[in-house]
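Here's the letter readout for the chains.
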Amino acid sequence: MFEKIKNRERRKLTKMQRNQERLAYLFILPALVFFSVFVLAPIVMALYFSLCSFSQRNITLIEWAGFKNYVDIFTAPGLKSFRESLWHVLYYAVMYVPMVVVMSLLFAVLINQKIRGAKAFRIMYYIPSITSGVAVSFIFQFLFSAADYGLMNVVIGWFGGKPLNWLGTEGLAMFCIALVNVWGGIGGNMIIYLAALQGVPPDQVEAARVDGANKRQIFVHITLPQIAQATFFVVMMSLIGSFQLYDQVKIMTGGGSGTNTPVFQIYMMAFDPGSSKSGMANAMAVVLFAVIMIVTSLNNFLQNKINAKYE
Amino acid sequence: MVKEKIYNPRKEKALKIIKNTVIYIIMIFFAVIMLFPFYWSIITAIRPWEEVLQVPVSFIPHGFSFQSFKNFFSLMDNFGSALGYTILITIVGMFTNLFFGGLAGYTFARLQFRGRKIIFRIMLMSLMLPTIVTILPQYYIIAKMGLVGNWLAVVLPGAVGVYGIFFMRQFFYGVPAALGEAARIDGAGEFRIFWQIYFPQVTSGLITLGIITFNSYWNSYLWPSMVLLTGDVKMLSLLLGDFQQLYGALPDSVGSVMAGAIIIMLPSLIIFAFLQKYFLNTVTFAGVKE
């Protein structure tokens, strides 16, 4: 008699669990559908399309092209711009990533100080991060204007410098765009660093102080290793973002003066009425993806090595 | 000779004041850099045109004029429609992310089912995926659905974002599991447990995710410039991009371009101004749990 009840109880429980499981699948169904249609399927399609020949404007006509697209994007006459664009974003990443990492950490350390008004500064420093990339590009295009009323020229004039054609000079233009994006990228990364800094165990810092370590030593040997995870995250996300630079380039320089980026190329390839070579555009996207993977794995490798040194 | 360190309260206090002053000076210097571009765009938009191009540059406007705003609106014939579509796209995208992202986040955090770990891990991995790889096939899928030029095309690919699911999951972990168990014993259905018990507990997470998705839709540019390339449906970001391309080079329209920049930034800034306390604390919290 007692056994029977127990058995029934168990069956009831599993039935309830099974019911819960069914509902769980139902609850994640919308997420799964969107994920499959707009993330998983496109990955496979990108690989397939990169081996085909078709036009984005007339997607019904798809022909197999083999590896022709991959060869063409590097060798076709008049297409050295894709190779160039890869160098451009690499140049950009080399400037942007270190700057944004150092500045975000500096800002996080500043607002982490126990002084009055630190919260107000946190708000002010975050504001650039919430604004539209298009609007920000307008404002900085004006600030970097080559004319006499361009404010950057006014500023270098104070120090006796000659006016520069900021956005019209090869090399300099990309530097300006990097500055703009550092300005806009500090906020989010600063918050990540702030969270990491607040997670550093105070007793470790205290112990080091008692042992006679100075502030610089504490920062280098205690704080930095403790926030290595945050640094890894910030560096990786900044790298991924760097290689996909588009909005600011489109608005501020239109891809001129050595600011042509791969995404700019991909967009033109697929959507420019004159071109519409979508197979090649997809091949470019796959190559760009491979480059990003290589660079982020390299970062991963280096960070692991650095971490191992501290452990 | 060993120098004796003598505790001198007056000296300590003076040192602390000097140290704090230095920190304040550095912080104010950075605050000026971070906020100056906004100040400059505002005064450029509200000063008379002659003053915009005047050399030497003056940092304080002497005259005041709505000229730039008037010119901006007179040159933008379909501003109203673009504003309407931008609001529609942003609001719909925000709510699908909050509801379906919340529901999935809750399920991953609090319900038991086979494949839970592996499905979540695969989704999480996709956060590292550069969007450029998927964007052209996404266009293809949207085109096959016959949605090119339709406002839904902008909403759909990010309508249930993985980031939102991950973000909300963190918050549902913060709500005690016992809460749901008690309701379950009382015979409440699973959806009711989610909707009436858990969902109201994570408002700060919802507000923060709401702001994040609002900004990402409101400010989106590359994707709309693909799917809304043809047709009458436009978003503000596209309209402004075209406006600047047409008139940006004319010295006279600098003020009008700045007026456009201010108009498109305003909603994000207002929302942030009201909810920043919520937002920054929550984002910091979510970062800690990463």
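Residues numbered from 1 in each chain as written. Chains lettered and ligands numbered in written order. Predicted model: local features only at pLDDT ≥ 70, side-chain atom pairs only at ≥ 80, totals over all residues. Heavy atoms only, no water.

Draft legend 1. Spatial organisation of the layout of surface pockets. As a volume, the second largest pocket reaches approximately 1100 Å³. In terms of lining, the second largest pocket is formed by 23 residues, of which the most central are A:Val109, A:Asn112, A:Gln113, A:Lys114 and A:Lys215. Breaking the lining of the second largest pocket down by element, the ones donating at least two residues are α3 (80-111), α7 (172-198), α8 (202-210) and α9 (215-226) of chain A together with α1 (9-46) of chain B. Tallied by class, the residues present in the lining of the second largest pocket amount to 11 nonpolar, 5 polar and 7 charged. (1 Å grid on protein atoms, 1.4 Å probe; cavity = no way out; pocket = protein on both sides within 12 Å on 5 of 7 lines; lining within 4 Å. Points joined across faces, edges and corners; volume = space filled by probe spheres on them. Helix = DSSP H or I, 4+ residues; strand = E, 2+ residues; numbered from the N terminus. Nonpolar A, V, L, I, M, F, W, Y, C, P; charged D, E, K, R; others polar.)

Draft legend 2. Summary view of the pattern of salt bridges. Residues and elements named next belong to chain B. Enumeration according to the criterion identifies 6 salt bridges over all chains in this entry. For the salt bridge of Arg47 with Glu51, the shortest nitrogen-to-oxygen distance reads 3.1 Å. In this structure, Arg47 and Glu51 share a single accessibility class: buried. One connected set of salt bridges, linked through shared partners, spans Glu181, Arg184 and Glu190. (Salt bridge = Lys/Arg side-chain N within 4 Å of Asp/Glu carboxyl O. Buried < 20%, exposed > 50% of the residue type's maximum accessible area, 1.4 Å probe, protein only.)

Draft legend 3. Quick look at the domain arrangement of chain A. When cut into domains, chain A gives domain 1 (2-49) and domain 2 (77-310). Once you take the C-alpha centre of each, domain 1 of chain A and domain 2 of chain A turn out to be 40 Å apart. (Domains from an automatic or database assignment.)

Draft legend 4. Representation of unusual backbone geometry in the model. A positive phi angle is found at A:Ser257, which is not glycine, with a value near 50°. Topologically, A:Ser257 is positioned in the loop between α11 (247-252) and α12 (262-271).

Draft legend 5. Layout of helix α9 (residues 177-185) of chain B. Residue and element names in this part refer to chain B. Where α9 is concerned, the buried positions are Gly180, Ala183 and Arg184. Looking down the long axis of α9, one finds its buried residues gathered within 105° of arc, a one-sided arrangement. With respect to the buried face of α9, the exposed residues turned more than 90 degrees away are Ala178 and Ile185. One or two positions beyond α9, positive phi appears at Gly187, with a value near 90°. (Arc of directions from axis to C-beta.)

Draft legend 6. Layout of the domain arrangement of chain B. All names here are of chain B. Taken domain by domain, chain B consists of domain 1 (9-65) and domain 2 (77-288). Taking the mean C-alpha position of each, domain 1 and domain 2 sit 34 Å from one another. The interface of domain 1 with domain 2 comprises 8 residues on the first partner and 9 residues on the second. Here domain 1 meets domain 2 over a buried area of about 730 Å², counting both sides, of which 80% is carbon and sulfur. A per-residue breakdown of the area domain 1 buries against domain 2 is headed by Ser41, Trp49 and Leu53, which together make up 53% of the total. At the boundary of domain 1 with domain 2, the tally comes to 0 salt bridges. Between the two partners, domain 1 and domain 2, sit 0 residue pairs in polar contact (both at pLDDT 80 or more). If you list the elements that add at least two residues to the side of domain 1 that touches domain 2, you get α1 and α2 (49-52). Ranked by residue count, the leading element in the side of domain 1 that touches domain 2 is α1, at 5 residues. Each residue belonging to the side of domain 1 that touches domain 2 can be placed in one class, and the counts come to 6 nonpolar, 2 polar and no charged. (Contact = heavy atoms within 4.5 Å. Buried area = accessible area lost by both parts, 1.4 Å probe. Polar contact = N/O pair within 3.5 Å; in protein donor to acceptor, adjacent residues only side chain to side chain.)

Draft legend 7. Expanded view of the packing of α12(A) against helix α6 (residues 131-144) of chain B. Look at α12(A) against α6(B): their axes get within 11 Å of each other, and the N-to-C directions meet at 15°. Classified by the angle between their axes, α12(A) and α6(B) sit roughly parallel to one another. In the packing of α12(A) onto α6(B), the handedness of the crossing is right-handed. Every residue of α6(B) that contacts α12(A) at A:Val263, A:Ile266, A:Ala270 and A:Phe271 is listed here: B:Ile132, B:Leu136 and B:Tyr139. Taken together, the residues of the contact of α12(A) with α6(B) break down into 7 nonpolar, no polar and no charged. (Axes fitted to C-alpha atoms, helices over the stretch in contact; angles between N-to-C directions. Parallel < 35°, antiparallel > 145°, perpendicular 65-115°, else oblique. Left-handed = near helix turned anticlockwise from the far one by under 90°.)

Draft legend 8. Representation of the environment of B:Lys277 within the structure. Looking at the element boundaries, B:Lys277 is found in helix α14 (residues 254-288). Note: C-alpha distance between B:Lys277 and B:Leu53 (224 residues apart in sequence) is 39 Å.

Draft legend 9. Structural view of the side chain of B:Ser68. Within the fold, B:Ser68 resides in helix α3 (residues 67-75). Excluding its chain neighbours within four sequence positions, the residues that come into contact with B:Ser68 are B:Thr44, B:Ala45, B:Arg47, B:Trp49, B:Gly255, B:Ser256 and B:Ala259.

Draft legend 10. Molecular detail of the interface of chain B and chain A. Across the boundary between the two partners, chain B contributes 95 residues, which contact 85 residues of chain A. Taking both sides of the interface into account, the surface hidden between chain B and chain A amounts to around 8500 Å²; carbon and sulfur atoms contribute 79%. Considering only the surface of chain B that becomes buried against chain A, B:Met27, B:Met34 and B:Leu136 emerge as the three largest contributors, covering 9% of it. For the pair chain B and chain A, the interface holds 1 salt bridge. Its salt-bridge partner being A:Glu21, residue B:Arg114 comes within 2.5 Å of it at the nearest N-O pair.

Draft legend 11. Quick peek at the environment of B:Gln138. Positionally, B:Gln138 belongs in helix α6. With a relative accessible area of 10%, B:Gln138 lands in the buried category. A C-alpha to C-alpha distance of 21 Å links B:Gln138 and B:Leu88, two positions 50 residues apart in sequence. Other than its neighbours up to four places away in sequence, B:Gln138 contacts A:Phe38, A:Pro42, B:Pro157 and B:Trp223.

Draft legend 12. Broad picture of the packing of helix α5 (residues 133-143) of chain A against α1(B). Interaxial distance between α5(A) and α1(B) falls to 10 Å at its minimum, and their mutual angle equals 80°. Classified by the interaxial angle, the pair formed by α5(A) and α1(B) is roughly perpendicular. On the side of α5(A), the interface is formed by A:Ile139, A:Phe140, A:Phe142 and A:Leu143, while α1(B) contributes B:Phe36, B:Pro37, B:Trp40, B:Ser41 and B:Thr44. Along the lines of polarity and charge, the residues of the contact of α5(A) with α1(B) split into 7 nonpolar, 2 polar and no charged.

Draft legend 13. Representation of the side chain of A:Asn181 within the structure. For A:Asn181, the location among the structural elements is in helix α7. Those residues in contact with A:Asn181, other than ones at most four positions away along the chain, are A:Tyr92, A:Tyr96, A:Leu245 and A:Gln248.

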